[in-house]
Amino acid sequence: MDSWIAYRDFRFLWFGNFFAFTGQWLQLLSIGWLVKELSAGSSVGGLLVLSASALNTLPGLVVNPLTGVLGDRLDRRKLAIVVQSVAAALALCFAFLVDTDYIRAWHAYAYVLVSGSCLAITQPLQQVMISNTVPRGALTNAYAINTLTVTGTRIFGPFVGGILIASIGFFWNFALEAALYLGVVLMLIRMRTPYVSNVSNESAGPRRRITPIADIRDGLRHLWREQREVLHIALLSVVPNTILHPLWFLLPLFTVEVLQAHADMGGYLLAITGVGGLISTLCIATWGFPTKRGRILFATTILGSLSTMLFSQCSWLWAAFTVLAVMSFFQAYFRTTAGTLVLTIVPDQYRARTMALLAYERSSLIGVSVAVGVLADFTDASIAILAIGLLGLSMTLACLATLPRVRALS
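To start, this report covers the structure provided alongside it. For clarity, every value in this text was computed on a predicted model and none was experimentally measured.

Calculation rules
- Residues numbered from 1 in each chain as written.
- Predicted model: local features only at pLDDT ≥ 70, side-chain atom pairs only at ≥ 80, totals over all residues.
- Heavy atoms only, no water.
- Helix = DSSP H or I, 4+ residues; strand = E, 2+ residues; numbered from the N terminus.
- Rg over C-alpha atoms; globule rule 2.2 N^0.38 Å.
- Buried < 20%, exposed > 50% of the residue type's maximum accessible area, 1.4 Å probe, protein only.
- Areas by Shrake-Rupley, 256 points an atom, 1.4 Å probe, with all protein chains shown as cover.
- Lys, Arg positive; Asp, Glu negative; His and termini not counted.
- Charge placed at Lys NZ, Arg CZ, Asp CG, Glu CD.
- Expected span 1.5 Å × (residues − 1).
- Axes fitted to C-alpha atoms, helices over the stretch in contact; angles between N-to-C directions.
- Parallel < 35°, antiparallel > 145°, perpendicular 65-115°, else oblique.
- Left-handed = near helix turned anticlockwise from the far one by under 90°.
- Contact = heavy atoms within 4.5 Å.
- Nonpolar A, V, L, I, M, F, W, Y, C, P; charged D, E, K, R; others polar.
- Arc of directions from axis to C-beta.
- Polar contact = N/O pair within 3.5 Å; in protein donor to acceptor, adjacent residues only side chain to side chain.
- Salt bridge = Lys/Arg side-chain N within 4 Å of Asp/Glu carboxyl O.

**Here's the deal with the overall build of the protein**
The secondary structure content of the protein amounts to 19 helices and 0 strands. Computed over its C-alpha atoms, the radius of gyration of the protein comes to 20 Å, within 12% of the 22 Å expected for a compact globule of 410 residues. Evaluated residue by residue, the protein yields a buried proportion of 60% over its 410 residues. Of the roughly 16100 Å² that the protein leaves accessible, carbon and sulfur atoms contribute 68%. Between the centroid of the 28 positive side chains of the protein and the centroid of its 19 negative side chains there is a distance of 11 Å.

**Digging into helix 16 (residues 348-360)**
Taking 1.5 Å per residue as the helical rise, helix 16 with its 13 residues ought to reach 18 Å, and the 19 Å between its terminal C-alpha atoms agrees with that figure. Of all 13 residues in helix 16, 11 are buried; the element is thus mostly enclosed. Within helix 16 the residues assigned to the buried category are D348, Q349, Y350, R351, A352, R353, T354, M355, A356, L358 and A359.

**Regarding the packing of helix 2 (residues 8-38) against helix 12 (residues 246-257)**
Helix 12 packs onto helix 2 with a crossing angle of 50° between their chain directions and a minimal axis gap of 9 Å. Between helix 2 and helix 12, the crossing angle belongs to the class labelled oblique. For the crossing formed where helix 2 meets helix 12, the hand is right-handed. Between helix 2, through L28, W33 and K36, and helix 12, the contact on the second element is made entirely by W248, F249, P252, L253, T255 and V256. Classifying every residue of the contact of helix 2 with helix 12 gives 7 nonpolar, 1 polar and 1 charged.

**Considerations on helix 17 (residues 365-378)**
Side chains that are three or four residues apart share a direction in an α-helix, a result of its 3.6 residues per turn. Between the first and last C-alpha of helix 17 there are 20 Å, a value that for 14 residues agrees with the 20 Å anticipated at 1.5 Å per step. Taken together, the buried positions of helix 17 are occupied by L365, I366, S369, V372, G373 and A376. Each buried residue of helix 17 sits inside an arc of 125° when the element is viewed along its axis, so together they form one side.

**Looking at the side chain of H222**
Within the secondary structure layout, H222 lies in helix 10 (residues 212-226). For H222, the side chain forms a polar contact with the side chain of Q227, separated by 3.1 Å. Residues within four places of H222 in sequence aside, it is in contact with Q227, P347 and Y350.

**Examining the pattern of salt bridges**
Tallied over the entire structure, the rule returns 2 salt bridges. The salt bridge involving R405 is made with E229; its shortest N-O contact spans 3.8 Å. Here R405 is found in helix 19 (residues 404-407), whereas its partner E229 is found in helix 11 (residues 228-243), with 176 residues between them in sequence.

**Topic: the environment of L403**
When you line up the elements, L403 lands in the loop between helix 18 (381-402) and helix 19. L403 sits 171 residues away from H232 along the chain, and the two C-alpha atoms are 6.8 Å apart. Non-local contacts of L403, meaning those with residues more than four positions away in its chain, are made with H232, L235 and F298.

Structure representation (structure tokens):
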């Protein structure tokens, strides 16, 4: 926890990210179970649940490129404050709608779509601002500690959310989500960003006169000519972030169909994924990386795919808990490794556009989730999970054979 202790501004960012990710995991759990309840008896229930959960990634198709431009042009902290304020207001309004008799499944779709637009802006900024709150030498430790805000909240948010759904209904889940986003705003108001490169500051004036399209093209040109390995990392990231990710959306179906359990147990399952991620984060923050980071990217993706396939065959509750924790360990290890690599090698004036590019792949998650949902409706949740594990493994082996630049990254 060295960076957390040493740098005041990083602590404010850490708490803000903790609140933000808790709200996002709470929303993921709540929307999935809400749509499952509203679509009870439907022949396409699996498709409805998965598409509702994944829909928040769709706005990224349009928003992510603009996020990168705005993040490199404007004050990142102030931009995040405005967007998180909007997200808090939206969550509170939806909480009151859920508490009425007028709530329908399409309302959940609309809410996820609008809140996903806010997420597409704030998520890359949350990562980029790490490099603006600590010096370069502390970046690996700080990024790993920041990953605790993802893995730790995956324990807390779904655990509490599942209990709330089972005991008093959905209203308080979304009201709590709104309160958490407000907490982000309060933390960012106190935070400052002292570690911004002089190159970025000096170039801010002239670049304001460049069109957003030209800014995007400039960022892509830089990566293609100078740091093509970052584009290759983005390609490999498709496996854990897009191909394997629908597993989280399938948990409500898997919980009911295979484990014969309900929303509280579904919350525990999603929460256990945070345990594996928490362990991987503490390992990196304490000991760093045991070998070349390029090799780690491939190893964790292969093992994550194999763990997904194994989870599909778990009909015993404790086996499901264990395998899910192992899979999340490898997924979190991959994301922390990739994130520290990118923030370390990419100059500050290109970081927001680069992180937005890495997040852009999540926009295709809705298409993959729809396909997985259709497969789950025609077969079952276990076969759908097995299929995405096989596809992830095949894609990783193909990348291993064709992306030597990634393998060589230290």
